[in-house]
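Chain residues, written in single-letter form:
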Amino acid sequence: MTEESQTGVNEPVGGIVAELAQMTEEQRAAHLAEVAEVVAPDRRIGVEIGQTLLEVQDVTLRFGGLVALDSVSFQIKRGEILGLIGPNGAGKTTCFNVMTGVYRPTSGQILLEGAPLGRRKRYQITQLGLARTFQNIRLFSEMTALENVVVGVDARHKTSVPGALLRLPRHQREEREVVERASALLEFVGIADRAADKARNLPYGYQRRLEIARALATEPKLLCLDEPAAGFNPAEKEDLMGLIRKIRDDGYTVLLIEHDMRLVMGVTDRIVVLEFGKKIADGLPAEIRDNPAVIAAYLGVPDDGVA
């Protein structure tokens, strides 16, 4: 570990990192096994597996005279990996932004577990259970990998400000639990060996995984991944597919925006397709692959050529 990487770790967090670093491989594996169960979402979800978790209900978004989303409707079922695809400019990220509170729809609504999100702020939507990553990586570059994930875990921290300032026993206990959960999440996404390195010093692929770990740290009911494979080589994409399946198998529901059709077809349970802000298809990967409207959208076949 370099001196530079160590300088990014604050004293309480650094102490726990040091403890982990001094463990043997067997001790470390046993320790992480004890906290691994907290990687899975430990929160009450009001719908059963296979039932509708989130619904985009007739959503339209206008920017002046530009219609970015045009009466878009689809559902995400608990426990599935849903792909949201379409050509450039189709409205995929805009749809993400409406779901997570960046934009308010001109009309229509987003329902989470049957309840409308309404005019809630972004942090409130995160607390309700929607977490996302971004096309362009948005990490705290001068903080360590571990500290970046701790920020996500802290979204559910219950210690009061006076308790944190006075470092009361409850705060110290929560702080240790937070760091243990963050460490387990880094292990889960495969970058635990770089926990004490500043985010800016991590390889690109590790930074992508770190963003996913930080989003998972908020214990989301729905994890939204916005082009997580951007810039990856084929081997890295294969690894990412394995990680996304692992996330779903651990109890999460995933919404995936991605341009790589091989990755989308290989990892999703169902796919929704947008074109020019409208939904043009919704179905299983095999159905989407052979859908004439989808083929036309991607290959530029004239509209009158679509049967």
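Remember, it's a predicted structure, so these values are computed and weren't measured experimentally.

Caption draft 1: Geometry of helix α6 (residues 145-153). Within α6, 8 of the 9 residues are buried, which leaves the element mostly enclosed by the surrounding structure. Those residues of α6 that fall on the buried side of the exposure criterion are Ala145, Leu146, Glu147, Asn148, Val149, Val150, Gly152 and Val153.

Caption draft 2: Representation of the sheet that holds strand β6 (residues 130-132) in the model. Strand order in the open sheet made by the 6 strands is β6-β7-β8-β3-β9-β10, with mixed pairing throughout. Only two strands of the sheet have a single partner each, and these edge strands are β6 and β10 (278-283). Sheet twist, expressed as the average angle between the axes of neighbouring strands with direction ignored, equals 20°. By the bridge criterion, 4 bridges tie strand β3 (residues 81-85) to strand β9 (residues 270-275) in an arrangement that is parallel. From the neighbouring strand, leucine 84 faces β9, where its bridge partner is valine 272. Sheet strands touched by helix α4 (residues 92-99): β3, β6, β7 (222-226), β8 (253-257) and β9. Its angle to β7, the strand with the most contacts, is close to 145°.

Caption draft 3: Up close: the pattern of salt bridges. Inspection of the entire model under this criterion finds 14 salt bridges. The salt bridge partner of arginine 270 is glutamate 80, with a shortest N-O separation of 2.7 Å. Within this pair, whereas arginine 270 is found in strand β9, its partner glutamate 80 is found in the loop between β2 (66-77) and β3, the two being separated by 190 residues in sequence. This pair shows no difference in class: arginine 270 is buried, exactly as glutamate 80 is. In this structure, glutamate 238 engages arginine 262 in a salt bridge whose closest nitrogen and oxygen atoms are separated by 2.5 Å. On the criterion of sequence distance, the pair formed by glutamate 238 in helix α10 (residues 234-249) and arginine 262 in helix α11 (residues 261-267) is long-range, its members being 24 residues apart. Here glutamate 238 falls in the partly exposed class, since its relative accessible area comes to 37%. In this structure arginine 262 comes out as exposed when scored by relative accessible area, which is 58%. Several salt bridges converge on common partners, so that one network encompasses Glu80, Arg270, Lys279 and Asp282.

So, how was this worked out
Residues numbered from 1 in each chain as written. Predicted model: local features only at pLDDT ≥ 70, side-chain atom pairs only at ≥ 80, totals over all residues. Heavy atoms only, no water. Buried < 20%, exposed > 50% of the residue type's maximum accessible area, 1.4 Å probe, protein only. Helix = DSSP H or I, 4+ residues; strand = E, 2+ residues; numbered from the N terminus. Pairing = 2+ DSSP bridges. Axes fitted to C-alpha atoms, helices over the stretch in contact; angles between N-to-C directions. Contact = heavy atoms within 4.5 Å. Salt bridge = Lys/Arg side-chain N within 4 Å of Asp/Glu carboxyl O.

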